[in-house]
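Below, each chain spelled out in residue letters.
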Amino acid sequence: MVSYTVLSSGSKGNSAVLTAGRTRILIDAGLSCRELFRRMKLVDEDPSTLDAILITHEHSDHVNGLAVTARKLGIPVFFTEATHRAWVRQITPKRRITYAQWIEEQRLLKQRAEADTEAASAFNESALDGDPKTDEAYDAEEEAAEELTAASGPSPTPGPAKSPSRAEDPAWLPAVEYFTAGSPFNFGDATIRPFTIPHDAADPVGFVFESEGMRLAVATDLGYMPPNVKAELRSLDLLHIESNHDLDMLRDGPYPWAVKQRVLSRVGHLSNDSTAQFLAAEYDGNAAYVILAHLSECNNLPELARIAAERALECHASLITNRLLIAHQHEPLKPILF
Ligand SMILES: [Zn+2]
Ligand SMILES: [Zn+2]
């Protein structure tokens, strides 16, 4: 059996469940663990039967509940290595100080060093000929070591926790597995084909899933449709595709100019028009289900996204074979069964 359930879609959280034969995968964990489980129960999906979590990219609307969910279920998380590293950096608390605070710290350190030196020389004059390292030097070394630890993150080697202290690391996961965009891999009863998407994250991907002769694709969070994505989105049975914003609503909407620019850029999000253009001109009309996803609550209306996509699909005269659904932010879609 193959089934697909969108639990949530939009800038406040993205997550879906794929069942491929005996294998069940959570795609992104953008809601809190509690909310993910609540939504799964609403549509009769059992969280305890999930086998793995697959991550598209490290933006918070895709990873908000990741650590808690993976730990609670004790299941592996699949990332690209760059996405994992970016996520670890993001989730590891950093010590941030202002330049003024840094100057003040340096002044205090120097004072302390001078006081130590005076005390030492009072005790033993030969102390001045000793170790040339100052407190500042030690401090710089410690900071560099801290930064290195934060950048490298926990060991990427999959496996269970070695000691209870690892569970206190916010980036600790029961097991981590790496995949590479462009290199398909098998997991249980599914073949997973990750492909690169143009988006402002470390190493963002979309996925095509193959199982029992079915092909399902997820492609959200992309600024435009490059040839490699178009090539992957062929001969599908289900297409979960972004239709993020209406261009006029975005232009006239409340976002600051810089954010508007980011959304519109080639590493931002697909507009209703861009998605419609793809559906009209390049999509093969094959999928039984087309799910419009990652709709902006500020800059889009479900009806605008639907009308644009319906018009586009009319070009194929395939509206009957393509059931058009809209994924929601606040409630799950009913599971789609094949
Ligand atoms: Zn994103
Ligand atoms: Zn997103």
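Keep in mind that what you see is a predicted model, and the values were worked out from it rather than measured.

> Where do I start with the overall build of the protein chain in this structure?
Across its full length, the protein chain carries 11 helices and 14 strands. Here the protein chain, with 338 residues, has 38% of them falling under the buried criterion. Restricting the contact set of the protein chain to residue pairs at least 6 apart, pairs at least 24 apart contribute 67%.

> Hey, could you run me through the pairing of strand S11 (residues 238-242) in this one?
In summary, the side chains of a regular strand alternate between the two faces of the sheet. Burial analysis of S11 places five of its five residues in the buried class, the great majority of the element. Alternating positions in S11 separate into two faces, Leu 238, His 240 and Glu 242 on one and Leu 239 and Ile 241 on the other, with burial throughout. You can see the chain leave strand S10 (residues 214-219), run along helix H7 (residues 227-232) and come back into S11, and the turn it takes is right-handed. Pairing of S11 with strand S12 (residues 289-293) involves five bridges; the strand directions are parallel. Bridge pairing in S12 places Ile 241 opposite Leu 292.

> Help me understand helix H1 (residues 33-42), please; the structure alone is not making it clear to me.
Turning to H1, its buried residues are Leu 36, Phe 37, Arg 39 and Met 40. The arc enclosing the buried residues of H1, seen along the axis, measures out at 165°, which places them on a common side. Facing away from the buried side of H1 by over 90 degrees, the exposed positions are Arg 34 and Lys 41. Where H1 is buried, its residues touch strand S1 (2-8), strand S2 (15-20) and helix H3 (66-73). Of the residues flanking the end of H1, it is Asp 44, one or two places downstream, whose phi is positive at about 60°.

> Please clarify how helix H11 (residues 302-314) should be interpreted in this entry.
Because each turn of an α-helix spans 3.6 residues, side chains separated by three or four positions end up pointing in the same direction. The first and last C-alpha atoms of H11 sit 18 Å apart over 13 residues, in line with the 18 Å expected at 1.5 Å per residue. All buried positions along H11 are accounted for by Ala 305, Ala 308, Ala 309, Ala 312 and Leu 313. Viewed along the axis of H11, the buried residues span an arc of 130°, placing them on a single side of the element. Pointing more than 90 degrees away from the buried face of H11 are the exposed residues Glu 303 and Glu 314. The elements touched by buried residues of H11 are helix H10 (272-281), S12 and strand S13 (323-326).

> Where do I start with the environment of His 269 in this structure?
Within the secondary structure, His 269 is located in the loop between helix H9 (257-264) and H10. By the C-beta count within 10 Å, which is 28 here, His 269 ends up buried. Once residues within four sequence positions are removed from consideration, His 269 is found in contact with Asp 221, Gly 223, Glu 242, Asn 244, His 245, Val 263 and His 294.

> Where do I start with the confidence of the model for the protein chain in this structure?
Detailed conclusions should not be drawn from predicted coordinates in areas where pLDDT is low. Predicted confidence across the protein chain gives a mean pLDDT of 87, with 84% of residues reaching 70 or more. A low-confidence stretch, residues 125-164 (pLDDT under 50), is modelled with 36 contacts involving residues beyond four sequence positions or located in other chains.

> Hey, could you run me through the sheet that holds S13 in this one?
Strands in a sheet are paired, the pairing made by backbone hydrogen bonds, and the direction either parallel or antiparallel. Spatially, seven strands are ordered S7-S8-S9-S10-S11-S12-S13 in an open sheet, and the strand pairing comes out mixed. The open sheet terminates on both sides in strands that have one partner only, identified here as strand S7 (185-187) and S13. Mean inter-strand twist for the sheet, computed between neighbouring axes without regard to direction, equals 20°.

> Can you walk me through the packing of H10 against H11 in this structure?
When two helices pack together, their arrangement is given by the angle between the helix axes and the distance between those axes. The geometry of H10 relative to H11 is characterised by a closest axis approach of 8 Å and an angle of 20° between their N-to-C directions. The angle between H10 and H11 places the two elements in the roughly parallel class. Taken as a pair, H10 and H11 cross one another with a handedness that is right-handed. Contacts between H10 and H11 involve Asn 272, Asp 273, Thr 275, Ala 276, Leu 279 and Ala 280 from the former and Leu 304, Ala 305, Ala 308, Ala 309, Arg 311, Ala 312 and Leu 313 from the latter. Here the contact of H10 with H11 is built from residues that sort into nine nonpolar, two polar and two charged.

> What's the story with the environment of Ala 276 in this structure? I'm lost.
Looking at where Ala 276 falls in the secondary structure, it is placed in helix H10. For Ala 276, a count of 23 C-beta atoms within 10 Å puts it in the buried group. In sequence terms Ala 276 and Arg 306 are 30 residues apart; their C-alpha atoms lie 9.5 Å from each other. Excluding residues within four positions of it along the chain, Ala 276 makes contact with Ala 308, Ala 309, Arg 311 and Ala 312.

The rules behind each value
Residues numbered from 1 in each chain as written. Chains lettered and ligands numbered in written order. Predicted model: local features only at pLDDT ≥ 70, side-chain atom pairs only at ≥ 80, totals over all residues. Helix = DSSP H or I, 4+ residues; strand = E, 2+ residues; numbered from the N terminus. Buried ≥ 20, exposed ≤ 12 C-beta atoms within 10 Å, placed from the backbone. Contact = placed C-beta atoms within 7 Å. Right-handed = clockwise from strand over helix to strand, strands pointing away. Pairing = 2+ DSSP bridges. Arc of directions from axis to C-beta. Expected span 1.5 Å × (residues − 1). pLDDT = per-residue confidence, 0-100. Axes fitted to C-alpha atoms, helices over the stretch in contact; angles between N-to-C directions. Parallel < 35°, antiparallel > 145°, perpendicular 65-115°, else oblique. Left-handed = near helix turned anticlockwise from the far one by under 90°. Nonpolar A, V, L, I, M, F, W, Y, C, P; charged D, E, K, R; others polar.

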